[in-house]
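Each chain, letter by letter, is given below.
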Amino acid sequence: MQENFSLKPYNTFGVDAKAKYFIEVQTLEHLKDAINYSKDHHLQVLFLGGGSNILLTKDFDGLAIKLSLKGISEQELNENEVLVTAKAGENWHEFVMYSLEKNYGGLENLSLIPGNVGTSPMQNIGAYGTEIKDTFVSCTVLDLENLEVKTFNLEDCHFGYRDSIFKQEGKGRYVILEVSFKLTRKNHHIKTEYGAIKTELENLGITHPTIQNVSKAVINIRQSKLPDPKIMGNAGSFFKNPTIPLTQFEDLKLKFENIPGYPNGDVVKVPAGWLIEQCGWKGKQIGNTASHQLQALVIVNATGNATGKEIFDFSTEIIHSVKEKFGIELEREVNII
């Protein structure tokens, strides 16, 4: 247990907020001990995974617990499927690379997403036409109310767009310990129709892509558009892509002919990055904070000295300007602490 501990290395924004107490846990028993300590001393708890989806706007007056549970196990299901289970503290991208080295398919489109395995179900992470729920089987969780270990299956998790039970009615109640995925062993379902994957595969001279080729294409695209948090602090996409009624989208189309949209029944998903860019934010810097010059959806700690409050206030300005111009209210994807 450490006191007055800087969380700067534990959040990808690189914000120098401090925790009153800090502990790193590597086993379930250590985790339970830490939680019991927090209860005995009436301390709020902050769980840290990869630190890629949080914004620390102030010092944390409680116990920060770094979850470092590690390990990957496999269970062959049949000739074409394998169940792969990873502990919460495993790095997500390294886990994807592990599966690809084994030639297990299903996660390749989710390459290079920051964070750890344990936080992946919380917001049903997704990219390039794939979401966690597509391969998710179950996750084991610790119920903080009674310290019982429970298992949540696919239906239990109530997955939605960047959403799950862990962000809704179960928020703050459960800690994810490990996650199990059903992956393919040979009859892989290659998804190349979303985003720039096809174009990138053409650039690589690949006409019959493997899952490894798709992963390479996704990595190339992400690296060309998104800043490396190790070089410039950020949490990836700061806002969700808003979903609006089809009627509202049609009205906006009359005023903004080029507005892109992805219809799904009577609603349309509109790219938040496009909305932000149209409001003049792309590459704009205020003080220590900026909207990235290549991807307006990403807010960056431009100087390395931004406070969490500066970044939060910057995001608020973006929300106000998009609301004023388009009548659409952006929602933050990043958890505000």
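In what follows, the structure referred to is the one given above.
Residues numbered from 1 in each chain as written. Predicted model: local features only at pLDDT ≥ 70, side-chain atom pairs only at ≥ 80, totals over all residues. Heavy atoms only, no water.

Peer 1: Pulling in residues and values, what's your account of the sheet that holds strand β7 (residues 81–87)?
Peer 2: Pairing in this open sheet of five strands is antiparallel, and the strands run β6-β7-β12-β10-β11 from one edge to the other. If you trace the sheet from one side to the other, it starts and ends with β6 (72–76) and β11 (148–153), each paired once. If you compare each strand with its neighbour and ignore which way they point, the axes differ by 20 degrees on average. Bridge analysis of strand β10 (residues 136–143) against β11 gives six bridges, and the strand direction is antiparallel. Bridge assignment links Val-141 to a residue of β11, and that residue is Lys-150. Across the sheet, helix α1 (residues 28–40) touches β10, β11 and β12 (174–184), and the angle it forms with β10 is around 45 degrees. (Pairing = 2+ DSSP bridges. Helix = DSSP H or I, 4+ residues; strand = E, 2+ residues; numbered from the N terminus. Axes fitted to C-alpha atoms, helices over the stretch in contact; angles between N-to-C directions. Contact = heavy atoms within 4.5 Å.)

Peer 1: Break down unusual backbone geometry for me, citing the residues and quoting the values.
Peer 2: For Asn-4, which is not glycine, the phi dihedral falls at a positive 50 degrees. Among the structural elements, Asn-4 can be located in strand β1 (residues 2–6). Take Asn-4: its relative accessible area is 56%, and that puts it in the exposed class. Positive phi, close to 65 degrees, is recorded for Leu-112, a residue that is not glycine. Among the structural elements, Leu-112 can be located in the loop between α2 (92–101) and β8 (126–127). (Buried < 20%, exposed > 50% of the residue type's maximum accessible area, 1.4 Å probe, protein only.)

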